Amino acid sequence: GNIDVALQDAERSEALQQKSPDLYVLLADILQEKKQYQEAEKYLSQSMLIAPYDGSAFYVKAMLQARQGDTLASLANMHRATELNPRLLRAFQQGTSLHLKIKQTDQALQFNNIAIQRFPNVSDLYSERGDIFRTLARPDTAVFFYEKAVSLDPTSTKPLLKLINLNLELRAYNKALTGLTKLQKANPTYEHINYLIGYCYEKLGDYPKAREYYNISITLNPTDQQTRYGIWRVRPQSERYTTDDNASEHDAQRDHTLDSTRFKIDLLKPRTITNLRPDSLVKAKI
């Protein structure tokens, strides 16, 4: 993932008179990631002159077109890349994303089906399948494939985040809380993690626990207004729970504190009788 170092190494290889088409494709790929499109196109053209049927070259060409806004041409080259190289996983992933981007859900699903058949144990493919079914307004099916993605790669936080967000939308707070607990173990410093856990506890009715996590969140980020709202929401409920837990203790203390010798008790006075004048505007009817 260090693009700058990769570019330096690739340029050093070129300086050592390495003129293979793979190197030119690699340079074009790196340069298009850095948004240096004109230089990328030059290397890509040299590569395709040497090896005109290289699937990786068509993939890079498709990415260049996608980044410059030509989605349809990009899809055509992405399909061409998978035909020339059926093991080119990135082409399947990017092709699915492009189809989904322009609302071609059927084609995205078809492309994803082929990818899963060829790469049945790749977590990201099931996560992308969940995205497709979420777009199709089938959240239960999307949850199933997000869970499949998480089970295949428990260390990846990307599908886990998608699963948590969808469960929050579906108000499945128990499942969301389970996912947040896993996320906290994997990444304790994840932004808003304590707020989200507190929010789930709040929705589940465990107000003291919710307040506990809200307090942790506000301690770590005192300017988080969202967490402050959460604290204000649960404060009355959490105080009520504390009062209920200590009710027996208060009852025991009450017998000792309510002593008539310590307090001045004012007797209730009866109401005074007020004579109202007759209303001169009201005439009696005889």
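## Quick notes on the packing of aromatic side chains
Remark: the centre distance and the inter-plane angle together describe each pair of aromatic rings, the angle taken between the planes.
Here's step 1: Applying the stated rule across the entire model yields 10 aromatic pairs.
Here's step 2: A connected cluster of aromatic rings, assembled from ring pairs, spans Tyr173, Tyr195, Tyr199 and Tyr214.
Here's step 3: Positioned above the aromatic ring of Phe58, the side-chain terminus of Arg80 is 5.7 Å from the ring centre.
Here's step 4: Cation over ring: Lys148 sits above Tyr126, and NZ or CZ is 5.6 Å from the ring centre.

## Considering helix H11 (residues 173-186)
Here's step 1: The terminal C-alpha atoms of H11 lie 20 Å apart, and with 14 residues this matches the ideal 20 Å at 1.5 Å per residue to within 8%.
Here's step 2: For H11, the set of buried residues is Tyr173, Ala176, Leu177, Gly179, Leu180 and Leu183. All buried residues of H11 project into a common sector of 165 degrees when viewed along the axis, lining one side. Residues of H11 that are exposed and point over 90 degrees away from its buried face: Asn174, Lys175, Lys185 and Ala186.
Here's step 3: Residues of H11 that are buried make contact with helix H10 (157-169) and helix H12 (193-203).

## Focus on the packing of helix H8 (residues 123-135) against H10
Here's step 1: Running from N to C, H8 and H10 point in directions that differ by 25 degrees, and their axes come no closer than 10 Å. As far as their axial angle goes, H10 and H8 are roughly parallel. Considering the relative orientation of H8 and H10, their crossing is left-handed. On H10, the residues touching Ser123, Ser127, Asp131 and Arg134 of H8 are Pro159, Lys162, Asn165, Leu166 and Glu169.
Here's step 2: For the contact of H8 with H10, a count of residues per class yields two nonpolar, three polar and four charged.

Rules of the game
Residues numbered from 1 in each chain as written. Predicted model: local features only at pLDDT ≥ 70, side-chain atom pairs only at ≥ 80, totals over all residues. Heavy atoms only, no water. Phe/Tyr/Trp six-rings, centres within 6.5 Å; stacked < 30°, edge-to-face > 60°. Lys NZ or Arg CZ within 6 Å of the ring centre and 35° of its normal. Helix = DSSP H or I, 4+ residues; strand = E, 2+ residues; numbered from the N terminus. Expected span 1.5 Å × (residues − 1). Buried < 20%, exposed > 50% of the residue type's maximum accessible area, 1.4 Å probe, protein only. Arc of directions from axis to C-beta. Contact = heavy atoms within 4.5 Å. Axes fitted to C-alpha atoms, helices over the stretch in contact; angles between N-to-C directions. Parallel < 35°, antiparallel > 145°, perpendicular 65-115°, else oblique. Left-handed = near helix turned anticlockwise from the far one by under 90°. Nonpolar A, V, L, I, M, F, W, Y, C, P; charged D, E, K, R; others polar.

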